[in-house]
Amino acid sequence: MEKSALLTETVVAAGAVGDSLTMGAASAHAHMHPQPANDVRDFLIHKDGQTYAGAHMLVDFWGGSRLNDAALMADALREAAEASDATVLHVHVHEFGGGGGVSGVAVLAESHISVHTWPELDYAAFDVFMCGNCLPQKAVAVLERYFAPTRADISEQKRGIVE
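The rules we used
- Residues numbered from 1 in each chain as written.
- Predicted model: local features only at pLDDT ≥ 70, side-chain atom pairs only at ≥ 80, totals over all residues.
- Heavy atoms only, no water.
- Helix = DSSP H or I, 4+ residues; strand = E, 2+ residues; numbered from the N terminus.
- Buried < 20%, exposed > 50% of the residue type's maximum accessible area, 1.4 Å probe, protein only.
- Expected span 1.5 Å × (residues − 1).
- Polar contact = N/O pair within 3.5 Å; in protein donor to acceptor, adjacent residues only side chain to side chain.
- Pairing = 2+ DSSP bridges.

**Some points on unusual backbone geometry**
Positive phi, normally seen in glycine, also occurs at aspartate 48, with a value near 50°. Within the secondary structure layout, aspartate 48 lies in the loop between strand E4 (45–47) and strand E5 (50–52). Judged by relative accessible area, aspartate 48 falls into the exposed class, the value being 68%. Here serine 111, not a glycine, exhibits a phi torsion of approximately 130°, which is positive.

Here you go:
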């Protein structure tokens, strides 16, 4: 049997009366940016003398636990985003029945965190992509705490380098 964990709450977007968006949790209200929707802000990353669109971390967990628990995964994605100072817009996790894994995404104002798991291999592939002042490394630390992998292979790419 397949089931999905869809965690939604309709809210009014700051500065855009009448527009609604879907958020992962009530606590996401605290992470809404106070600027109006039409406010132009710099979401580029300026670090070590470079300017780029976002930090993209590819995270492979081996030997992790509870990799087929959709509700736990949704909580982990939300907490990872919040720890990174990201704005959670929506969290959706789909559980594949029969011992299959889960696929999920936390859609963020600053991009996303996604996951696909293969419990039969004790393997999870996370994708953490964030722009602006977010700290994707903090998301990885939260995910490690939730799933306790025996091995983690992590790489980081700078996306959209401005020359």
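**So, helix H1 (residues 70–83)**
Relative to the 20 Å expected for 14 residues at 1.5 Å per residue, H1 spans 20 Å between its end C-alpha atoms, a close match to the ideal helical length. Along H1, 10 of the 14 residues are buried, which leaves the element largely enclosed by surrounding structure. When H1 is considered as a whole, its buried residues turn out to be Ala70, Leu72, Met73, Ala74, Ala76, Leu77, Arg78, Ala80, Ala81 and Glu82. Where H1 begins, one side-chain oxygen reaches toward the backbone nitrogen of alanine 71, 3.2 Å away; that side chain belongs to aspartate 69. Directly after H1, the chain includes aspartate 85, whose backbone phi takes a positive value near 65°.

**Considering the pairing of strand E6 (residues 54–62)**
Here is the key point about a regular strand: its side chains alternate between the two faces of the sheet. Relative to strand E11 (residues 151–159), E6 runs antiparallel, the two being bridged by 9 bridges. Bridge pairing in E11 places valine 59 opposite isoleucine 154. Pairing of E6 with strand E10 (residues 123–130) involves 8 bridges; the strand directions are antiparallel. If you follow leucine 58 over to E10, its bridge partner there is aspartate 127.

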